[in-house]
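# Descriptive structure summary
Chain by chain, the residues:
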Amino acid sequence: MPKVLEALLKETSWKESLKEEWQEPYIQELSKFLEQENREGKTILPPKHHWFEALNATPLDEVKVVILGQDPYPTVGHAHGLCFSTDDSVKPLPKSLQNIYKELYNDVGIQNRSANLGAWAKQGVLLLNSVLTVVEGEANAHKDKGWELFTDKVIALVNEQCEGVVFVLWGAYAQKKGKQIDSTKHLVLNDPHPSPLSAYRGFWGSKPFSRVNGYLVKQGKEPIDWQLSDGSSYTLF
């Protein structure tokens, strides 16, 4: 199974940087666990070819922003490997994504309806979940099985090999995971989570999108175009 996992990672800069990771004991245990889940007939989300979608979509040497999520949506057809993102066929938008879009509109005047954040990923926004798989209908089902160690390594690589990255850490979970980040060489935005349960605690008005782009411009980098092509016609607000 470690070789199966390794084969799912296609992007060359990540593949090279993570090549030693597949021999780590935790990867062996994670692989056994995923095999057992599969043998038991559980539906693992997202589909296997999307497990490393965040890395495959955003090469290490092109990372400008990291947005850190927790684990995939546990509903069939929703998760596709990019945190907070989902397929355009999903209606209504997940509530956290709705709130992200409301803050985007209030911050920079952009109104998105597309649920798929792939266009952000292609511009250097690493949309990384801490845990890369889940079981249908069971949020956090794959917590503490090894994925967190793998994504810690991913964050460490960005921290060490990239310069002037913006880490967007929404909520206590992401902020704890991001403690290893060197804030002297990167910008770390620690704000409340966009979930309806916590957005009122300071997510509203935090202006993450303009702060991200302001920093990138100061670093001499192209800002992120947050506008997405409309994937559907339903009204967000």
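Presented here is a report on the structure given in the accompanying data block. (Residues numbered from 1 in each chain as written. Predicted model: local features only at pLDDT ≥ 70, side-chain atom pairs only at ≥ 80, totals over all residues. Heavy atoms only, no water.)

### Overview of helix H7 (residues 147–161)
Applicable threshold: Under the DSSP-based scheme used, a helix requires at least four consecutive residues in state H or I and a strand at least two consecutive residues in state E, with every element numbered from the N terminus. Each residue after the first adds 1.5 Å to the expected span of a helix. Each residue gets one of three labels from its accessible area relative to the maximum for its type: buried under 20%, exposed over 50%, partly exposed in between, using a 1.4 Å probe on protein chains only.
For H7, which comprises 15 residues, the first-to-last C-alpha distance of 21 Å matches the rise-based estimate of 21 Å (1.5 Å per residue) to within 8%. For H7, every residue scored as buried is listed here: Trp147, Glu148, Phe150, Thr151, Val154, Ile155, Ala156, Leu157, Val158 and Asn159.

### Re the sheet that holds strand S3 (residues 125–129)
Filter applied, for reference: Here the rule is simple: two strands pair whenever DSSP picks up at least two bridges between them. Between N-to-C directions, angles cover 0 to 180 degrees, with each direction set by a line fitted to C-alpha atoms, over the stretch in contact for helices. Only heavy atoms matter for contacts: two residues are in contact if any of them lie within 4.5 Å across the pair.
With respect to topology, 4 strands assemble into an open sheet ordered S3-S2-S5-S6, the strand pairing being parallel. The sheet terminates laterally at S3 and strand S6 (187–191), the two strands that pair on one side only. Going across the sheet, the axis of each strand differs from the next one's by a mean of 15°, ignoring polarity. Across the sheet, helix H9 (residues 208–218) touches strand S2 (65–69), strand S5 (166–170) and S6, and the angle it forms with S6 is around 170°.

### Description of empty space enclosed by the protein
Condition: With a 1 Å grid laid over protein atoms only, a set of points is called a cavity when a 1.4 Å probe fits there but cannot get out and a pocket when it is open yet has protein on both sides within 12 Å along at least five of seven lines; lining residues have an atom within 4 Å of a point. Grid points are joined across faces, edges and corners, and a volume is the space filled by probe spheres set on the points. Amino acid classes used here: Ala, Val, Leu, Ile, Met, Phe, Trp, Tyr, Cys and Pro are nonpolar; Asp, Glu, Lys and Arg are charged; the rest, including Gly, are polar.
According to the stated counting rule, one finds 1 cavity of 30 Å³ or more in the structure shown. If you add up the space inside the largest cavity, you get close to 60 Å³. Every residue lining the largest cavity is listed: Trp51, Phe52, Ala54, Leu55, Pro72, Gly81, Leu127, Leu128, Asn129, Val131 and Leu132. Sorting the residues of the lining of the largest cavity by element identifies helix H4 (53–57) and S3 as the ones contributing at least two each. Of all the elements, S3 adds the most residues to the lining of the largest cavity, at 3 residues. Broken down by class, the residue content of the lining of the largest cavity amounts to 9 nonpolar, 2 polar and no charged.

### Some details on the environment of serine 210
Threshold: N or O atoms closer than or at 3.5 Å make up a polar contact, with two conditions inside protein: a donor-capable atom paired with an acceptor-capable one, and, for residues adjacent in sequence, both atoms drawn from side chains.
Within the fold, serine 210 resides in helix H9. Under the relative-accessibility criterion, serine 210 is labelled partly exposed at 31%. The sequence separation of serine 210 and histidine 142 amounts to 68 residues, and the corresponding C-alpha distance is 34 Å. In terms of polar contacts, serine 210 uses its side chain to reach the side chain of aspartate 107, at 2.7 Å.

### Re the environment of alanine 119
Tracing the backbone through its elements, the reader meets alanine 119 in helix H6 (residues 118–121). Given a relative accessible area of 37%, alanine 119 falls into the partly exposed group. Spatially, the C-alpha atom of alanine 119 lies 6.8 Å from that of leucine 228, the residues being 109 residues apart in sequence.

### Focus on the pattern of salt bridges
For clarity, the threshold we go by: What counts as a salt bridge is simple: a side-chain nitrogen of Lys or Arg found within 4 Å of a carboxyl oxygen of Asp or Glu.
This model, assessed by the stated rule, comprises 7 salt bridges. We note a salt bridge from lysine 42 to glutamate 37, for which the minimum N-O separation is 3.0 Å. Residue glutamate 37 is classed as buried on the basis of its relative accessible area of 6%. One salt bridge connects lysine 177 with aspartate 152, and the closest N-O pair in it is separated by 2.6 Å. Of the two residues, lysine 177 sits in helix H8 (residues 171–177) while aspartate 152 sits in helix H7, which places them 25 residues apart along the sequence. For aspartate 152, a relative accessible area of 27% gives the class partly exposed.

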